[in-house]
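So the chains spell out like this:
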Amino acid sequence: MTPSFVHLRLHTEFSLVDSVVRVDELVEAVAAAGMPAVAISDQYNLFAMVKFYRAALARGVQPIIGVDLRLREAADPQGPSHFTLLCQTLEGYRNLTRLVSRAWLDGQVKGQPLIEREWLTPATTAGLIALSGAQQGDVGRALLQGRTAQAGAALDTWLALFGDRYYIEVQRIGALNEEAYVGAALALAAGRGVPPVATNDVRFLAAADFEAHEARVCIHDGTLLADPSRPRRYTQQQYLRSAREMEALFADAPAALANSVEIARRCSLTLRLGEARLPVFPVPEGTTPEQYLREAAASGLAARLDAAPPAGEAAGRYRERLASELDVICPMGFASYFLIVADFIAWARRNGVPVGPGRGSGAGSLVAYALGITDIDPLRYDLLFERFL
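Predicted model only: the values in this text are computed from it and were never measured.

Asks: Please clarify how the packing of helix H1 (residues 23–32) against helix H2 (residues 49–58) should be interpreted in this entry.
Replies: Between two packed helices, the angle of one axis relative to the other and the distance separating the axes together describe the packing. With their axes 9 Å apart at the nearest point, H1 and H2 run at an angle of 30° to one another. In this view, H1 runs roughly parallel relative to H2, as classed from their interaxial angle. Handedness of the H1/H2 crossing: right-handed. Every residue of H2 that contacts H1 at Val-23, Asp-24, Leu-26 and Val-27 is listed here: Lys-51, Phe-52, Ala-55 and Ala-56. Counted by class, the contact of H1 with H2 contains six nonpolar, no polar and two charged residues.

Now the structure itself:
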């Protein structure tokens, strides 16, 4: 049976302020409903990604990874506009992680991470599919306010970035002025040849969960459920609607439903989990991290022994121990690890950042002592390298 709808806009429990959807329960519900795929698009984060990816694959559901983001709108009194990015490829996933990280590091305004328009370029958006944000996106806001020319200009900007990977999002969740927006959005989509897509902006699994969701929102906002003046930002219709319910809602716009399935088909992100991936330390051309580590350790040990010469013939023991440790470290692939740690410890010492002499089992490594990572001589104190490993 050909699927008719896929949920592409959905927050999980990892959107800490506005969802009560648990990942495992979500995947079970999607599988039980016979939906072939589902996307998560948590606010500003990818915290649920690994748990969701594993759970979805285990139940035969295609996982689609996305994030709901906010775009800084300096001249708009309504504040940041909304849009959603979905990972189409591994390149898109990497671009999305960079954008999310940059929003938190460089784009925070009053604690809210925002995306700056200049960060969005053809290179930084490659491999990503964009949803317009419905009424809360820049195109949607302009349409609702009757600013058709501005809506078209905003659409042009997005199309220059995403081309056929940009979709005009429509929702019917009982929001204010919803039908006015849907009519204008579908007309714009048809007039410009831009595909529309239907979403349900899911925040809870069943309609009966609405009160629990509102309680969570009130806890975050510091308001009371019974307070008639508190903001009502969500509706009881933002649950995991079935494909049949969505078909009934958008009987007048079947293309918006079909495009949700098409987007799912276009997303083919494959993640390789459970593998240890250590970064590679940059070394001079013509050498390897292993060779560089051996040279740096030998040079460091020589400097240590010159500064505090051991008694008798003990120098030979140090060289034997160093060679023995390196013969274990290098084949295990940890050369870059030691070089990276030595690099940031050296930087800290040069820049007045307090660094201790070493603690725990790490002090048992002569290589660490030779590189300046620790300041404790493991041979003097009979410390075991094997315990460190």
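Anyway, onward from the coordinates.
Asks: Help me understand the sheet that holds strand E6 (residues 128–131), please; the structure alone is not making it clear to me.
Replies: In sheet architecture, strand pairing relies on hydrogen bonds along the backbone and comes in two forms, parallel and antiparallel. The strand order across the open sheet built from six strands is E1-E2-E3-E6-E7-E8, with neighbouring strands paired in mixed fashion. The outermost strands of the open sheet, each flanked by one partner alone, are strand E1 (37–43) and strand E8 (196–198). When strand polarity is set aside, the average angle formed by the axes of neighbouring strands in this sheet is 35°. As defined by bridge partners, strand E2 (residues 62–71) adjoins strand E3 (residues 81–87) across six bridges and the pair is classed as antiparallel. Bridge pairing links Asp-68 to Thr-84 in E3. Along the sheet, helix H9 (residues 254–266) contacts E1, E2, E3, E6, strand E7 (166–170) and E8; its crossing angle with E8, the most-contacted strand, is approximately 90°.

Asks: Can you help me understand the pairing of E6 in this one?
Replies: It is a general feature of regular strands that their side chains alternate between the two faces of the sheet. Burial along E6 is two-sided: the residues Leu-128 and Ala-130 and Ile-129 and Leu-131 are all buried. With four bridges joining them, E3 and E6 adopt antiparallel strand pairing. Within the sheet, the bridge partner assigned to Thr-84 lies in E6 and is Leu-131. Taken together, the two bridges between E6 and E7 define a ladder with parallel strand orientation. Looking at E7, one finds that Ala-130 is bridged to Tyr-166.

Asks: Which parts of the structure should I look at to understand helix H3 (residues 90–106)?
Replies: Count 3.6 residues to each turn of an α-helix, and residues three or four apart come out pointing the same way. Between its first and last C-alpha atoms H3 spans 24 Å; for 17 residues at 1.5 Å apiece the expected length is 24 Å, and the two agree. Taken as a whole, H3 has its buried residues at Gly-92, Tyr-93, Asn-95, Leu-96, Leu-99, Val-100 and Ala-103. Within H3, the buried residues cover an arc of 165° as seen down the axis, which keeps them to one side. In H3, the exposed residues that point more than 90 degrees away from the buried face are Arg-98, Leu-105 and Asp-106. The elements touched by buried residues of H3 are H2, E2, E3, strand E4 (108–109), strand E5 (112–113) and E6.

Asks: Can you help me understand the pattern of salt bridges in this one?
Replies: For side chains bearing opposite charge, pairing can occur when the charged atoms are close. Enumeration according to the criterion identifies 25 salt bridges in this entry. Notably, a salt bridge pairs Arg-266 with Asp-164, separated by 3.3 Å at the nearest N-O pair. Pair noted here: Arg-266 is in helix H9 and Asp-164 is in the loop between helix H5 (148–162) and E7, with a separation of 102 residues, a long-range link. For Arg-266, a relative accessible area of 19% gives the class buried. Taking relative accessible area as the criterion, Asp-164 reaches 54% and is therefore assigned exposed. Here the salt bridges share partners, and the residues they tie into one network are Arg-9, Asp-18, Asp-68, Glu-169, Asp-201 and Arg-203.

Reading guide: rules and limits
Residues numbered from 1 in each chain as written. Predicted model: local features only at pLDDT ≥ 70, side-chain atom pairs only at ≥ 80, totals over all residues. Heavy atoms only, no water. Axes fitted to C-alpha atoms, helices over the stretch in contact; angles between N-to-C directions. Helix = DSSP H or I, 4+ residues; strand = E, 2+ residues; numbered from the N terminus. Parallel < 35°, antiparallel > 145°, perpendicular 65-115°, else oblique. Left-handed = near helix turned anticlockwise from the far one by under 90°. Contact = heavy atoms within 4.5 Å. Nonpolar A, V, L, I, M, F, W, Y, C, P; charged D, E, K, R; others polar. Pairing = 2+ DSSP bridges. Buried < 20%, exposed > 50% of the residue type's maximum accessible area, 1.4 Å probe, protein only. Expected span 1.5 Å × (residues − 1). Arc of directions from axis to C-beta. Salt bridge = Lys/Arg side-chain N within 4 Å of Asp/Glu carboxyl O.

Any functional reading would require information beyond the geometric quantities listed.
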